[in-house]
Amino acid sequence: MLEKIIILDFGSQTTQLIGRRIRELNTYCEILPYNKFPHDDTTVAGVVLSGSPYSVYDDAAFKTDLSALRGKYPLLGICYGAQLLAWQAGGKVGSAGMREYGRAHLNKLYDNNLLFNGISEGTQVWMSHGDTITQLPSEFKIIASTDDVPAAAFRIEGEKTWGVQFHPEVFHTEDGTKILDNFLNICGCKKDWTAASFIESTVKDLRLQLQDDKVILALSGGVDSSVTAVLLNRAIGKNLTCIFVDHGLLRKNEFDKVMKDYEALNLNVIGVKAHEKFYNELTGVSDPEQKRKIIGKGFIDVFDEEAHKLQNIKWLGQGTIYPDVIESLSITGTVIKSHHNVGGLPEKMNLRLVEPLRLLFKDEVRRVGYELGMPENLIKRHPFPGPGLGIRILGDITPEKVRILQEADDIYISLMREWGLYDKIWQAGTILLPVRSVGVMGDERTYENTVALRAVTSTDAMTADWAQLPYDFLAKVSNEIINKVKGVNRVVYDISSKPPSTIEWE
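Report on the accompanying structure. Bear in mind the structure is a predicted one, so any value in this text is a computation, not a measurement.

### Regarding the packing of helix 4 (residues 195-210) against helix 5 (residues 223-236)
Put simply, helix 4 and helix 5 touch, their axes get as near as 9 Å, and they point 60° apart. Regarding the angle of helix 4 to helix 5, the classification is oblique. Helix 4 and helix 5 meet at a crossing whose hand is right-handed. Counting all contacts with helix 4, which are made through Phe198, Ile199, Thr202, Val203, Leu206, Arg207 and Leu210, the residues of helix 5 involved are Leu231, Leu232, Arg234, Ala235 and Ile236.

As structure tokens, then:
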């Protein structure tokens, strides 16, 4: 039976990061709203209480009765989670006077404590809180201090309960991974959650779930849908039919390249070229939300038409991943965002959903792809929006604008691969701006289009920094695009980060 760590989410921006770190230690974990602990789940090995934007004494703060967990499970409270443990037990929490944010060092480690096993005094930790524990209950014992925080970490006598007022999950806490690993040891975790074990158990579960039923899956060329297809194919073989729709807004030659990759994986794939339908329906449309809706509806219509040519389809496969599942619920349990990759299809076609990747983070999906023996170009492919170049052409869409953008983007991405930069970037792309400017080519005056280059670094796309690409690389890309792409005479580079900007322009 699969053991798990439950992370109760009190609203911290780093809750997902706690989950990623625990998964990296080969231990399965689930992130749940703070008030949704599964008391009847016998596979829970331990519980982590996340941070929060609130103070424990705020009326609006997220609170749950921790007495039902203390003593029954090993507990680790992080920042707000530690303060909540102390506050509910009769301790005092108050404003730190000045916000405790940034690097600190554990200059005192008290007694030989299991949570800090193998960790030396002076180790760097990362603080991020405006409150601090000013008085601990009598059964709470300090196990670590910093210059400014006497109760930087504590344990509760007679229980496997610990609290830390710093963030072990963030990169700047030098021994953070070791601290989390020590907690997993306290929980008795086997640490056998690997890509290979996931594949073995998932294929077995899919065979039991699907039996001889037939499944249809929409492919995008991206890593999530591709890994989903290979997993389903391993489980049910030819009972899986994949549909890859070319809406005319893919990258240059992408449809043919991806189809060859899918054929090499022995997937049963139907390729549909539907350029004219999409171009016609998008004629004269400039509003980005309207473009998205037209492209989304058009995709559903094409997919549905192809699906009705097949017989006895009962399931719709989707490449939903764990961040989608987490973000689809607020921490109060209210649905705030739908993540059906092909929204509307399950209801429209009266199909049941099968989502074999819904437990995985993006980096885990890639590891599973490698374990499945998939080609690297599919696994490492940058995220690409469902509406494709339709939202990278600002303003209305025409076949000529698509041609210009495809040519410019192909030069950018090809050179990025050639210079060894592609795998260092989370996402890159070219945007065609609704801006024309004066230029000079030879002895002639030009009045042509401007394209913007975009490249960001990230781990999960929730935040992203603009990539500091080498100047000589940017100069090379600019020269190649202006010299080779008819219709472009100016290239700019986007140096905006998320937030406040988004990765895509529309």
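### A closer look at helix 4
Taking 1.5 Å of rise per residue, 16 residues should cover 22 Å, and helix 4 covers 22 Å from first to last C-alpha, within 8% of that figure. Looking at helix 4, one finds that the buried residues are Ala195, Phe198, Ile199, Thr202, Val203, Leu206 and Leu210. When helix 4 is viewed along its axis, its buried side chains cluster within an angular range of 120° and face the same direction. Residues of helix 4 that are exposed and point more than 90 degrees away from the buried face comprise Glu200, Lys204 and Leu208. Those residues of helix 4 that are buried are in contact with strand 11 (214-219), helix 5, strand 14 (313-317), strand 15 (352-354) and helix 11 (362-371). One or two positions beyond helix 4, positive phi appears at Gln211, with a value near 50°.

### Considering helix 8 (residues 288-307)
End to end, helix 8 covers 28 Å across 20 residues, agreeing with the expected 28 Å (1.5 Å per residue, within 8%). All of the buried residues in helix 8 are Lys291, Ile294, Ile295, Gly298, Phe299, Ile300, Val302, Phe303, Asp304, Glu306 and Ala307. Structurally, the start of helix 8 carries an N-cap: the backbone nitrogen of Glu289 is 3.3 Å from a side-chain oxygen of Asp287.

### Some thoughts on the side chain of Ser52
On the secondary structure map, Ser52 appears in the loop between strand 3 (44-49) and strand 4 (75-78). Of the residues examined, Ser52 reaches a relative accessible area of 17% and is grouped as buried. Within the local environment of Ser52, its side chain forms a polar contact with the backbone oxygen of Phe10, the two atoms lying 2.9 Å apart. Of note is the side chain of Ser52, whose polar atom sits 3.1 Å from the backbone nitrogen of Tyr54.

### Re the environment of Thr502
Within the element layout of this structure, Thr502 appears in the segment after strand 19 (488-493). Here Thr502 falls in the partly exposed class, since its relative accessible area comes to 47%. Residues Thr502 and Thr463, spaced 39 residues apart in sequence, show a C-alpha to C-alpha distance of 8.7 Å. Polar side-chain contacts of Thr502 include one of 2.5 Å to the backbone oxygen of Glu504.

### Comments concerning the sheet that holds strand 3
The eight strands lie next to each other as 2-1-3-4-10-9-8-6, forming an open sheet whose pairing is mixed. Looking at strand neighbours, the two that pair on one side only are strand 2 (29-33) and strand 6 (108-109), the edges of this open sheet. Direction of pairing for strand 1 (residues 4-9) relative to strand 3: parallel, over a ladder of five bridges. Bridge pairing in strand 3 places Ile7 opposite Val48. Packed on one face of the sheet, helix 1 (residues 15-24) meets strand 1, strand 2, strand 3 and strand 4 and runs near 170° to strand 1.

### Description of the sheet that holds strand 13 (residues 269-273)
Strand order across the open sheet formed by five strands is 13-12-11-14-15, with parallel pairing between neighbours. In the strand order of this sheet, the two ends are held by strand 13 and strand 15, each with one partner. Recorded for the sheet is a direction-independent mean angle of 30° between the axes of neighbouring strands. Bridge analysis of strand 11 against strand 12 (residues 240-246) gives five bridges, and the strand direction is parallel.

### Describing the pattern of salt bridges
Taken as a whole and judged by the stated rule, the model has 28 salt bridges. A salt bridge links Asp224 to Lys362; its shortest N-O distance comes to 2.9 Å. Here Asp224, found in helix 5, pairs with Lys362, found in helix 11; they are 138 residues apart in sequence, far enough to count as distant. For Asp224, a relative accessible area of 16% puts it in the buried group. Lys362 gets classed as buried once you look at its relative accessible area, which sits at 14%. Connected through shared salt-bridge partners, Lys4, Glu30 and Asp41 make up one network.

Reading the values: the criteria
Residue positions are given per chain, counting from 1 as you read along its sequence in written order. Per-residue local features of the predicted model are confined to residues with pLDDT of at least 70, and side-chain atom pairs are confined, for both listing and counting, to 80 or more; whole-chain, interface and lining totals are unaffected and use all residues. Here the side-chain values reflect all heavy atoms present in the structure, with hydrogen atoms and water set aside. A fitted line through C-alpha atoms represents every axis, and for helices the fit uses only the stretch in contact; the resulting angles, taken between N-to-C directions, go from 0 to 180 degrees. Under the DSSP-based scheme used, a helix requires at least four consecutive residues in state H or I and a strand at least two consecutive residues in state E, with every element numbered from the N terminus. Roughly parallel means an angle under 35 degrees; roughly antiparallel means over 145; roughly perpendicular covers 65 to 115; every other angle is labelled oblique. The sense of a crossing depends on the near helix, which, turned anticlockwise from the far helix by less than a right angle, makes the crossing left-handed and, turned clockwise, makes it right-handed. Only heavy atoms matter for contacts: two residues are in contact if any of them lie within 4.5 Å across the pair. Each residue after the first adds 1.5 Å to the expected span of a helix. Residue exposure (1.4 Å probe, protein chains only): buried if accessible area is under 20% of the type maximum, exposed if over 50%, otherwise partly exposed. The directions from the helix axis to the C-beta atoms are what the arc is built from. Polar contact is the term for a pair of N or O atoms within 3.5 Å; when the atoms are in protein, one must be able to donate a hydrogen and the other to accept it, and sequence-neighboring residues count only if both atoms are side-chain atoms. Pairing between two strands requires that DSSP report at least two bridges joining them. Any carboxyl oxygen of Asp or Glu within 4 Å of a side-chain nitrogen of Lys or Arg constitutes a salt bridge here.

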